[in-house]
Structures are given as structure tokens and as C-alpha cells.
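Below are the chains, spelled out letter by letter.
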Amino acid sequence: MARWIARARDTNVPFYFQQAVKDREPVQMLEDMRNMEMLNRQLTYTPSEALLYAIVHDNQAYAQYLLNQFSDDALAMPGENFCCCPPSAPHLSMAILYNRKDIMALILHVAHRMPSPRSYVNRGGGIYVLDDRTPLHLACEMSQPETVIMLLGSGASPQAEDLDYMTPLDLVLMKLRTSKVNIGAKKLCLERLLMFMPEVRFNMKSSLKNDPENWSKVLGEETFNYLVGKVPGTLFLIAMQRTLAQLPAHKFLKGLDELPIPAFLKPITSQRTIFLHD
């Protein structure tokens, strides 16, 4: 610790704190640096701001410590230098942007102890641009099927709309039609969304109906016909919708792992559910 203090006195304290988080220095050292005061000026980071650095650098041990020790404070809004969108859930959004699924599981665990966990998971607003997209929108935009099911199981609404009236399903459909990259992940996002949508509502339905030939090629005939309302859901889809609906949001990650269902529906291992104490 002494070498960090010596360097910090003569140079950029924030840089060395970030570097220490990146280097996975011991948690207590990181906490000493976070609370450092020098020259009568308080140079400290809040738990919320420190958690953002832990997410960026995938420091799971420090993220776990901050969420365990500070809980609500760790998920509070950071200062204006870190986020310009007050209604957002920046920690969730940052975890999605950097694809930190393990840390996101920790965040969701703590979020379920909040007075309104679903409100937190469904907050709109991006990190840098106020676009009113929820974390689920972002996960679909990033084509992250594991993240999508984690958010849906934790109470994220598949019917939420952004400022352009686009639901997460609309975003996935647009990406499937316009991009030839990572098609498998995009289709998995679609499948997971449908498992949490007993009533399929989205704004591109008219587009699908007006161009059935092309959309049938993109989605497959069975999925296309289901989305436009020509056929009911398969028995498998209906069974999964009802099964997943029975899992309480605060125990979803562990419950999903324990369900006697196909392995491809259990992307969240039990290891990701035991980091925090109940």
C-alpha cells in the first residue's frame, strides 16, 4: 500500500485507483485507496463509482465486496462525471456493455432486496445518451442471450418501449433482418423473449404481415406464423412459458439451474448464484 500512496501523492490519484482495480489488488488496499484523503481535499470514490470500475475491469472480488458491504449505496447513481442520465441503471447497463454476466448476477441479487426491484431492472435511459432503452433493450441490441434470460427472469419487461416505441423483440427482429453476423445468438435472444411473452405484442407485426416471403426466410416459417398470429405456440413453448412463470424473480437464477429442463435453457450456472449472502 505504501508504494501506491507514494505514487498517488505525486501524480493522478484516480488513475492509480483504476489501475489497482484493473490489477486486482487486494480488496482492503482498494478500499484504502478509494477513501484516501490528501492535501485537505477529499479524493474519494463512492461505492457506486468504485463498482463501475470493478465492472469495467471485471474485478469480481471487488464487485462482490462492494455489493455485500454497501448494498443499496453500491447501486446508487454515481456522480455526474460517470453518468449523465439520472433515470438509468448504469451498473446493469455497464455490465451488459462489457458482457460481465457474473457481476450482473451479483447486481441482480442485490437489486431484489430493493423496495421495487422490478422498477430498477426496467429503468430506461442509456449510459451516455438518453434514449429510454431498458437494460433488456441493450442486451438484445448486444445479442446476449444469456443476459436476456437473466434479465427476463429477474422481472425485466419484454413489452417495454423506447422513445421510438420499439420493444426488445422489435430490436431483435430488426437485427435479424439487417445483419448476417451472429445470427445464432440473435435467434436465441428471440426464443428467450418469447418464453416470457404469453401474449406476443410488438410494433413490427404489420411489417411482418406485409412482407411474409422475406420474413419467413429470416425467421423460419413456424416462428413467422406464430408471430403474426396464424398458429398458436408449440406445446414446448407453452410449457416453458408456464414453467418459467412459476420461478420467483429473486430466486430465478438458482431455480433455473435446478429445473429438469434441457441444458440450453440453463445458461446460468449455480456458481453465479452463491456469491452473496441471502
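Here, every reference points to the structure presented above.
Residues numbered from 1 in each chain as written. Predicted model: local features only at pLDDT ≥ 70, side-chain atom pairs only at ≥ 80, totals over all residues. Heavy atoms only, no water.

### Here we look at the pattern of salt bridges
Piece 1. All chains considered together, the criterion is met by six salt bridges.
Piece 2. For E199, the salt bridge identified is with R201, shortest N-O distance 3.4 Å.
Piece 3. Between E213 and K217 there is a salt bridge, with the nearest N and O atoms lying 3.9 Å from each other. Highlighted residues: E213 and K217, both in helix α14 (residues 212-219), separated by four residues, approximately one helical turn.
Piece 4. Exposure remark for E213: the relative accessible area of 57% places this residue in the exposed category. (Salt bridge = Lys/Arg side-chain N within 4 Å of Asp/Glu carboxyl O. Helix = DSSP H or I, 4+ residues; strand = E, 2+ residues; numbered from the N terminus. Buried < 20%, exposed > 50% of the residue type's maximum accessible area, 1.4 Å probe, protein only.)

### Some thoughts on the nonpolar core
Piece 1. Formed by 80 residues in total, the largest nonpolar core has its most connected members in L151, L208 and L219.
Piece 2. The leading source of residues in this core is helix α7 (residues 101-111), at eight residues.
Piece 3. Setting aside residues up to four positions removed in sequence, L219 forms contacts with L173, L176, L190, L208, F224 and L227. (Core = buried A, V, L, I, M, F, W, Y, C linked by side-chain atoms within 4.5 Å. Contact = heavy atoms within 4.5 Å.)

### Description of the packing of aromatic side chains
Piece 1. Per the stated rule, a full pass over the model turns up five aromatic pairs.
Piece 2. With 4.8 Å between their ring centres and 20° between their planes, F17 and Y45 make a pair best called stacked. Of this pair, F17 sits in helix α2 (residues 13-22) while Y45 is found in the loop between β2 (41-42) and α4 (47-56), placing the two residues 28 residues apart along the sequence.
Piece 3. Note on Y45: relative accessible area 11%, which makes it buried.
Piece 4. Plain terms: the ring middles of F17 and Y53 are 6.0 Å apart, the flat faces sit at 75° to each other, and that makes the pair edge-to-face. On the criterion of sequence distance, the pair formed by F17 in helix α2 and Y53 in helix α4 is long-range, its members being 36 residues apart. (Phe/Tyr/Trp six-rings, centres within 6.5 Å; stacked < 30°, edge-to-face > 60°.)

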